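An overview of the molecular structure
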Amino acid sequence: MATKSFYKSAPIFLAFLCMGFGDVVSPLSALLKEEFALSHTSSQLVTFMGFIMFGLLSVPMGIYQGRKGKKYVLQIGLVVAFLGLLIPTIFGFNEFALLLLSVLFLGAGAAILHVAGNPIMRDVSPEGKFPRNLAFGQFIKAIGPLSGMLIPVLAIEYWDKDWKLLFPIYSAGLFITVFFLAITTIKETAIDKANYPTMKSCLSLLKNKYVLSMVFGIFLYVGAEVSLFSKIPIYLQEIYDFDLQTWGLLGSAFVVLAILIGRFSGGVILNWISARQFLIISTVVALIGMLGLYIPVKGIAIAAIFVS
């Protein structure tokens, strides 16, 4: 029984890994800035193209998923992300516009995977094991952006390659996931037609002030997280003369490591204090960390990156 459960959940865990590939657009923006000699504004287009699709696709794909099924939508997300990785592979890496299009497709695929990933994880999890599997899935997802920061460093150091090596590696991961998901039978929880989600029912949730405040809070948090990912390498390069291709990217990896530690320790701390208290404390600590970035001392800056 445990083996059967693992067989069904394994491709979903792989899909969570592929979700994390979309987060690589943040450190990638720093690499493209140097590669194409872009301004700060132009380099931010990379991050914008990657994450704008979450805002545009999340609700429509959620509605579509209610009718077509979670596995089907998950497969769409994987294929869209795969197409995004193929664009520069076929047409080359010399045109910035094509790379923006690639990032757009990769972000769209990641957005669709987020829509289907959490719900379908419940369908493949044994009774009472959904929280465990979801937490483990989020841990695996974090490997995606972490790999996007470490692979270019290893490629330069050991394989005489550069950041472009990410594309064939990620393409292989997506292809393997599509294959295993296609041959896996998943029994999905059925949705009664009378309860199909609609645009009206989704937007009506925002009438609740609590839900609206939480949506706005998530908007601010994700914006801050993405900004840290994308700008920490540039910050380390311009302020402390770090080599962007190596130590600059490791700065972003340091952020991911801090996030992993924070999420794990947060889960433990919440056993003793309320969520409201924890939110206030963690917000204050994050603000202190961001202020520390303005102090021109390298040791303080490294500590501030971790705290932020």
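A short tour of the structure in this document, coming up. (Residues numbered from 1 in each chain as written. Predicted model: local features only at pLDDT ≥ 70, side-chain atom pairs only at ≥ 80, totals over all residues. Heavy atoms only, no water.)

With respect to the packing of helix α4 (residues 70-91) against helix α8 (residues 166-182)
In the contact formed by α4 and α8, the axes pass within 9 Å of each other and the chain directions differ by 155°. It follows that α4 is roughly antiparallel to α8 by the angle criterion. You can see that α4 and α8 cross each other, and the crossing is left-handed. Counting all contacts with α4, which are made through Lys71, Leu74, Gln75, Leu78, Ala81, Phe82, Leu85, Pro88 and Thr89, the residues of α8 involved are Phe167, Tyr170, Ser171, Leu174, Phe175, Thr177, Val178, Leu181 and Ala182. Taken together, the residues of the contact of α4 with α8 break down into 13 nonpolar, 4 polar and 1 charged. (Axes fitted to C-alpha atoms, helices over the stretch in contact; angles between N-to-C directions. Helix = DSSP H or I, 4+ residues; strand = E, 2+ residues; numbered from the N terminus. Parallel < 35°, antiparallel > 145°, perpendicular 65-115°, else oblique. Left-handed = near helix turned anticlockwise from the far one by under 90°. Contact = heavy atoms within 4.5 Å. Nonpolar A, V, L, I, M, F, W, Y, C, P; charged D, E, K, R; others polar.)

Structural notes on the packing of aromatic side chains
Considering all chains together, one arrives at 3 aromatic pairs under this definition. Ring geometry for Phe21 and Tyr170: centres 3.9 Å apart, planes at 10°, overall stacked. Remark: Tyr170 occurs in helix α8 and Phe21 occurs in helix α1 (residues 2-21); sequence separation between them is 149 residues. Under the relative-accessibility criterion, Phe21 is labelled buried at 5%. According to the relative accessible area criterion, Tyr170 is buried, its value standing at 3%. An angle of 75° between the planes, with centres 5.5 Å apart, marks the rings of Phe179 and Phe180 as edge-to-face. Exposure remark for Phe179: the relative accessible area of 46% places this residue in the partly exposed category. (Phe/Tyr/Trp six-rings, centres within 6.5 Å; stacked < 30°, edge-to-face > 60°. Buried < 20%, exposed > 50% of the residue type's maximum accessible area, 1.4 Å probe, protein only.)

Examining the pattern of salt bridges
All told, the structure shown has 1 salt bridge when counted by the stated rule. Its salt-bridge partner being Lys70, residue Asp123 comes within 2.6 Å of it at the nearest N-O pair. Here Lys70 lies in helix α4 and Asp123 lies in helix α5 (residues 96-124), a separation of 53 residues in the sequence. Across the pair, Lys70 and Asp123 agree in class, each one buried. (Salt bridge = Lys/Arg side-chain N within 4 Å of Asp/Glu carboxyl O.)

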